Amino acid sequence: MPTTLLMPEKRGKNGLPTFENFIEERIEGAGDIFLVSFLNGYLFYSPLSNFSMILDEFGVSTVRKYFRQEELFPNEQTLIDHLNERNVFKIPETPQRSLIKPSTRWAPTSATFSNTQKCTLRCTYCYAEGGRLEDLDIPLPVAKGAIDLIVQNAHVQNVDPSIRFLGEGEATASWGIFREIIEYYKEQCRANHFVPSISLSTNGVFAQSRLDYIAENCTHLTFSLDGVREVHNEHRVLPKGGGSFDRIIATMKGLEMRGRTYDIRSTVTAAGSATLAEFVAFVGENLQCKSLHFEPVFDATTVTNLKDQIAHLDAQMFVENFRTARQVAAGFGIQLHYSAASLKHRETFCGASDASNFLVTSRGIVTSCNEVLQPTDPRSSLFQYGAWNQEDGEFVLDHEAIDRLGKLNVHDMPKCQGCIAKYNCAGDCYAKSASSTGDPASAGYTERCHITRELLKDNLLLALIFTMAGVNAGGSVQHACPM
């Protein structure tokens, strides 16, 4: 499968791609209700009503005739009557989009800090170029200003504010700044009777002496571990050379000894894909982690100074290896995740849309995307929407940029309209799409689209099975009506 699939060759008068080459899986006359071949039958999916079912040839023919308003035979009418009794064909109205400009309603209650460019690793595919920049640390007044802002907004909205560490380097590599941010945030929470929530995404390479503080203060922890030892060590390298696998495992075990849970997020290369099941088995046999998040590696050479291109990862091989790994994971009670195939209904892929993400970099830049962190990034004009003003001691926002970010939603993505994953993927990662064309809305289908569609179908089938078995799968279960 090529890197780009079904890329439209023509554009309309408005400059947007025409739809002639786009996938169309909606049932004619049924709105956003989809029908696709699956296994030995067909998958019927109404994402807006959270309903799915498996149909045979007779069921498919009958459903299509019904929506085309054709005359039905008695046995076909019996089936339709049965389904209508269950409100299967009730076409939900498309959700109304807010008429209020994103810049008007912008009031974040969560801040993400890219608090340092320092890093304890030199990962070969790092989109942030961790450890290769200027080793900047975020000025403390900038971090405090961000915390003051979200606390003020939290008061108005009557919610608890939260902070997160993720970005240009390893957050714990600038230990003093890391702790000062946490202590100031906790101080403000105590003073305002808020419950603190602190998330840390980390490479796990830090002194064991820091484990007590992290275990005590960080509410949620995510580690980057990219496969079995050989695969991980090939790409997640220490500054002076050598792999980091054993260091990270020791860190995770140290947290387990302190009674803390955590998630693992893995960047999957071609070699990592081939050993995915082996990696899941290792985690199940050696660690207490019950949540693994797999994402295919992204070639960041077009948007960074990185020179070494990563070996191509075949989309179908990733799908097949994910399926095998999922079977292994089930034996250990581990859940596997891939971001774009979530069963959760969404109209935007992530918080980049509407500038919902309030991420402050080491330079004081405000960005909606944790992958677009430098002013030199060719995507900066789309995702970066403000900066700290040292003279005035406040953040200065670009309201036009915030309003542009409001267009990052599935309704403004032409390629998504007829795709079964429309309301689950919601256009996929906008930063990755923008890396090829500069505009996510003009991007064609990619290999991630293939992965998303296949794994979504798997997730829908699993939800049906869980429902028939009377099992609650964490709120993601669809109403089942297998035919």
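Trainee: Hey, could you run me through the side chain of S162 in this one?
Mentor: Among the structural elements, S162 can be located in strand β6 (residues 162-165). Among the polar contacts made by the side chain of S162, one reaches the side chain of S110 at a distance of 3.0 Å. Excluding anything up to four places from it in sequence, S162 contacts T109, S110, A111, I150, Y185 and S197.

Trainee: Sorry if this is basic, but what is going on with the nonpolar core here?
Mentor: Nonpolar side chains in soluble globular proteins tend to be buried together. Core analysis: the largest hydrophobic core is formed by 118 residues, its most contacted members being F113, F358 and F383. What F358 contacts, discounting residues up to four positions off in sequence, is W106, P108, S110, A111, T112, A146, L149, I150, V366, T367, Y385 and F395. Counting 18 residues, the second largest nonpolar core, distinct from the first, contains A30, I33, L55 and V63.

Trainee: Looking at this structure, how should I read the packing of aromatic side chains?
Mentor: Note on aromatic pairs: each is described by the distance of the centres and the angle between the planes. In this structure the tally under the stated criterion is 21 aromatic pairs. Consider the rings of F67 and F89, whose centres lie 5.3 Å apart with planes at 85°: the pair is edge-to-face. With F67 in helix α1 (residues 57-67) and F89 in the loop between α2 (74-85) and α3 (102-105), this residue pair connects regions lying 22 residues apart in the sequence. Relative accessible area serves as the criterion here: at 10%, F67 is assigned to the buried category. Three or more aromatic residues joined by ring pairs form one cluster here, namely F44, F51, Y66, F67 and F89. A cation over an aromatic ring shows up here: R179 above the ring of Y213, its NZ or CZ 4.2 Å from the ring centre.

Trainee: Please explain a nonpolar patch on the surface as it appears in this structure.
Mentor: A surface patch of nonpolar side chains, about 410 Å² in accessible area, is lined by L462, I465, F466, M468 and V471. Residue position: M468 is located in helix α16 (residues 447-468). Take M468: its relative accessible area is 53%, and that puts it in the exposed class.

Trainee: What should I look at first to understand the packing of helix α10 (residues 276-286) against helix α11 (residues 315-332) in this one?
Mentor: Two measures define how a pair of helices packs: the angle their axes make with one another and the distance between the axes. In the contact formed by α10 and α11, the axes pass within 8 Å of each other and the chain directions differ by 15°. As judged from the angle between their axes, α10 and α11 are roughly parallel. Crossing geometry of α10 relative to α11 is assigned as right-handed. Along its contact with α10, which presents L276, A277, V280, A281, G284 and E285, the element α11 presents N321, F322, T324, A325, V328, A329 and F332. Looking at the contact of α10 with α11, its residues break down into 9 nonpolar, 3 polar and 1 charged.

Trainee: Please clarify how α2 should be interpreted in this entry.
Mentor: If you check α2, its first and last C-alpha atoms are 16 Å apart, about what 12 residues at 1.5 Å a residue would give, namely 16 Å. The set of residues buried in α2 consists of E76, L79, I80 and L83. End-on view of α2: buried residues confined to an arc of 95°, all on one side of the axis. Turned more than 90 degrees away from the buried face of α2, the exposed residues are P74, T78 and E85. Those residues of α2 that are buried lie in contact with β4 (51-55) and α1. Downstream of α2 by one or two residues, N87 has phi in the positive range, about 60°.

Trainee: Just checking my understanding: could you explain the pairing of strand β2 (residues 34-38) for this structure?
Mentor: As a general feature of sheets, a regular strand has side chains that alternate between the two faces. Judged by how many residues are buried, β2 sits mostly within the fold: 4 of 5 residues are covered. Between the end of β2 and the start of strand β3 (residues 41-46), which pair antiparallel, lie 2 residues, with L39 showing a positive phi angle near 55°.

Trainee: Would you explain the pattern of salt bridges in this entry?
Mentor: Scanning all chains against the criterion turns up 19 salt bridges. Among the salt bridges present, the one from R363 reaches E134, with a minimum N-O distance of 2.6 Å. Placement of the pair is R363 in the loop between β12 (359-360) and β13 (365-367) and E134 in the loop between β5 (110-113) and α4 (140-157), with a sequence separation of 229 residues. Residue E134 is classed as partly exposed on the basis of its relative accessible area, which comes to 49%. A salt bridge links R448 to D428, with the shortest nitrogen-to-oxygen separation between them at 2.7 Å. Linking R448 in helix α16 with D428 in the loop between α14 (422-425) and α15 (430-437), this pair joins segments that are 20 residues apart in sequence. Comparing R448 with D428, the two get one shared label, buried.

Trainee: So what exactly am I meant to see when it comes to the pairing of strand β8 (residues 220-224) here?
Mentor: In terms of strand pairing, strand β7 (residues 198-202) meets β8 through 4 bridges, oriented parallel. Residue pairing for β8: T202 is matched across the bridge by F223. For the segment spanning β7, helix α6 (residues 211-217) and β8, crossover handedness is right-handed. For β8 and strand β9 (residues 263-268), the ladder comprises 3 bridges, and the chain directions are parallel. When the bridges of β9 are listed, S224 appears paired with R265.

What counts and what doesn't
- Residues numbered from 1 in each chain as written.
- Predicted model: local features only at pLDDT ≥ 70, side-chain atom pairs only at ≥ 80, totals over all residues.
- Heavy atoms only, no water.
- Helix = DSSP H or I, 4+ residues; strand = E, 2+ residues; numbered from the N terminus.
- Polar contact = N/O pair within 3.5 Å; in protein donor to acceptor, adjacent residues only side chain to side chain.
- Contact = heavy atoms within 4.5 Å.
- Core = buried A, V, L, I, M, F, W, Y, C linked by side-chain atoms within 4.5 Å.
- Buried < 20%, exposed > 50% of the residue type's maximum accessible area, 1.4 Å probe, protein only.
- Phe/Tyr/Trp six-rings, centres within 6.5 Å; stacked < 30°, edge-to-face > 60°.
- Lys NZ or Arg CZ within 6 Å of the ring centre and 35° of its normal.
- Patch = residues over 30% accessible without salt bridge, like charges linked within 9 Å, V, L, I, M, F, W, Y side chains within 5 Å.
- Areas by Shrake-Rupley, 256 points an atom, 1.4 Å probe, with all protein chains shown as cover.
- Salt bridge = Lys/Arg side-chain N within 4 Å of Asp/Glu carboxyl O.
- Axes fitted to C-alpha atoms, helices over the stretch in contact; angles between N-to-C directions.
- Parallel < 35°, antiparallel > 145°, perpendicular 65-115°, else oblique.
- Left-handed = near helix turned anticlockwise from the far one by under 90°.
- Nonpolar A, V, L, I, M, F, W, Y, C, P; charged D, E, K, R; others polar.
- Expected span 1.5 Å × (residues − 1).
- Arc of directions from axis to C-beta.
- Pairing = 2+ DSSP bridges.
- Right-handed = clockwise from strand over helix to strand, strands pointing away.

Just distances and angles here, no functional claims.
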